[in-house]
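The chain contents come next:
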Amino acid sequence: TLDLRVDANQWLFSQDGGYYYCTFNVPELTSKIYNYGVVTCYREYNKGTNTAYQLPLPQTIHNVDAGNGALYTSTIDFSFAVGLVEIVLTNNDFIYCAPVIYSAPEGMDFRLNMVW
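Presented here is an overview of the structure given in this document. Here the structure is a predicted model, which means the values were calculated and not measured.

Observations concerning the sheet that holds strand β2 (residues 12–14)
And step 1. In space, the 5 strands of this open sheet follow the order β2-β3-β8-β7-β6, with antiparallel pairing throughout. On the outer flanks of this sheet lie β2 and β6 (59–64), each paired with one strand and no other. The average angle at which neighbouring strand axes cross in this sheet is 30 degrees, direction not considered.
And step 2. Across 6 bridges, the pairing between β6 and strand β7 (residues 71–81) is antiparallel. Bridge pairing in β7 places Thr60 opposite Thr75.

Rendered as structure tokens:
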């Protein structure tokens, strides 16, 4: 089990794909785990408090834009390869993704579990 943290300034924006992402080097994710194990990832809320809880990815979040009241949906998911994990956040309306118009997502905590 590994704790992963994406700070707000670590999110990168894919101009081609229209999503935010952060890639982690995870040497613990070996070819044995990749080929024969199971990898799961959870978003952790309120980390380090007595109200902490985790939700499995993928996770869909319904949002309201504070500026204009527009409704949109964000999906957080992950992918992995030997030695790498990528967290991806995609908004359903690409207007809300554009970093020129809106800021990157907030910082988020994740929990990566690997078993074999």
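Read on, since the account is not over.
Quick word on the sheet that holds strand β4 (residues 38–45)
And step 1. Pairing is antiparallel in the open sheet, where 4 strands are placed in the order β1-β9-β4-β5. Edge positions in the sheet fall to β1 (2–6) and β5 (53–56), since each has one partner strand and no second. Adjacent strand axes in the sheet meet at a mean angle of 35 degrees, parallel and antiparallel pairs treated alike.
And step 2. As paired strands, β4 and strand β9 (residues 108–115) are joined by 7 bridges and run antiparallel to one another. Bridging from a neighbouring strand, Val38 pairs with Val115 of β9.

Regarding the nonpolar core
And step 1. Counting residues in each nonpolar core, the largest one holds 22 residues, and the members touching the most others are Ile87, Phe110 and Leu112.
And step 2. Broken down by secondary-structure element, the contributors of at least two residues to this core are β1, β3 (19–25), β4, β7, β8 (84–91) and β9.
And step 3. Those residues in contact with Ile87 that sit more than four places away from it in its chain are Trp11, Tyr20, Tyr21, Cys22, Phe24, Cys41, Ile76, Asp77, Phe78 and Phe110.

What counts, and where the lines are drawn
Every chain begins its residue count from 1, and numbering advances along the sequence as written. Under the rules for a predicted model, residues below a pLDDT of 70 receive no local features and side-chain atom pairs below 80 are neither given nor counted, while totals for whole chains, interfaces and linings still include all residues. In computing side-chain values, all of the structure's heavy atoms are included and hydrogens and water are not. Strand pairing requires that DSSP identify at least two bridges connecting the strands. Numbering of helices and strands starts at the N terminus; helices are DSSP runs of H or I of at least 4 residues and strands are runs of E of at least 2. Helix axes are fitted to C-alpha atoms over the stretch in contact, other axes to C-alpha atoms as well, and angles between N-to-C directions run from 0 to 180 degrees. Residues grouped as a nonpolar core are buried Ala, Val, Leu, Ile, Met, Phe, Trp, Tyr and Cys residues, joined through side-chain atoms within 4.5 Å. Classification of residues uses two cut-offs on accessible area relative to the type maximum, computed with a 1.4 Å probe and protein chains only: under 20% is buried, over 50% is exposed, and between them is partly exposed. Note on definitions: a residue-residue contact is assigned when non-hydrogen atoms from the two residues lie within 4.5 Å.

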